[in-house]
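# Fold and contact review
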Amino acid sequence: METYKDFENHKGLVSYTPRMDGAQWIFNFANGYGASVITGGIAYCNEGQPYELAVLKDDDLCYDTPITDDVIGYLTSNEVYDLLDRIEQL
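This one's a predicted model, so the numbers in the text were calculated from it and none came from an experiment. (Residues numbered from 1 in each chain as written. Predicted model: local features only at pLDDT ≥ 70, side-chain atom pairs only at ≥ 80, totals over all residues. Heavy atoms only, no water.)

### Let's talk about the pairing of strand β4 (residues 51–57)
Counting buried positions over the seven residues of β4 gives six, a clear majority of the element. Across six bridges, the pairing between strand β3 (residues 33–39) and β4 is antiparallel. Bridge pairing in β4 places A35 opposite V55. Relative to strand β6 (residues 72–75), β4 is paired through two bridges, and the arrangement is antiparallel. Counted as the bridge partner of Y51 is L75 from β6. Hairpin geometry of β4 and strand β5 (residues 60–61) is characterised by an intervening segment of two residues between the two adjacent antiparallel strands and by a positive phi of about 50 degrees at D58. (Buried < 20%, exposed > 50% of the residue type's maximum accessible area, 1.4 Å probe, protein only. Helix = DSSP H or I, 4+ residues; strand = E, 2+ residues; numbered from the N terminus. Pairing = 2+ DSSP bridges.)

Written as structure tokens, this is what we have:
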């Protein structure tokens, strides 16, 4: 199972919570945007791409950014890191 250490090195991480058979990481950035990253049975994921990311704006789900207009599933940890960097630059 994933642990806090999966994304602990990315600035903006504010919480890690084990959830059912997975976990959730919440990120907040100075621009008011952030992200929720989840893994486990409720996420759009598979063994090789275990993460799903949703963009947040002022702690609410946000579906109107240049990044996406929905959640983004089936991500690797490298893809999550890249998306977090992009969200931080919005």
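### Observations concerning the pattern of salt bridges
Under the definition given, this model contains one salt bridge. Residues E88 and K11 are paired through a salt bridge, measuring 3.4 Å at the closest nitrogen-oxygen approach. With a gap of 77 residues between them, E88 in helix α1 (residues 77–88) and K11 in the segment before β1 (13–19) connect regions that are remote in the sequence. With relative accessibility at 57%, the residue K11 sits in the exposed group. (Salt bridge = Lys/Arg side-chain N within 4 Å of Asp/Glu carboxyl O.)

### Quick word on the side chain of T65
One can find T65 in the loop between β5 and β6. Taking relative accessible area as the criterion, T65 reaches 11% and is therefore assigned buried. One polar contact links the side chain of T65 to the main-chain amide nitrogen of T68, over a distance of 3.3 Å. Those residues in contact with T65 that lie beyond four places of it in its chain are Y33, V55 and L90. (Polar contact = N/O pair within 3.5 Å; in protein donor to acceptor, adjacent residues only side chain to side chain. Contact = heavy atoms within 4.5 Å.)

### Here's the deal with the packing of aromatic side chains
The tally for this structure, following the rule as stated, stands at six aromatic pairs. A centroid spacing of 5.0 Å and a plane angle of 70 degrees characterise the contact between F7 and Y51, whose relative ring orientation is edge-to-face. You can see F7 sitting in the segment before β1 and its partner Y51 sitting in strand β4, a full 44 residues away along the chain. Y51 shares its class with F7; the two are buried. For the pair F7 and Y81, a centre-to-centre distance of 5.4 Å together with 55 degrees between the ring planes defines the contact as tilted. (Phe/Tyr/Trp six-rings, centres within 6.5 Å; stacked < 30°, edge-to-face > 60°.)

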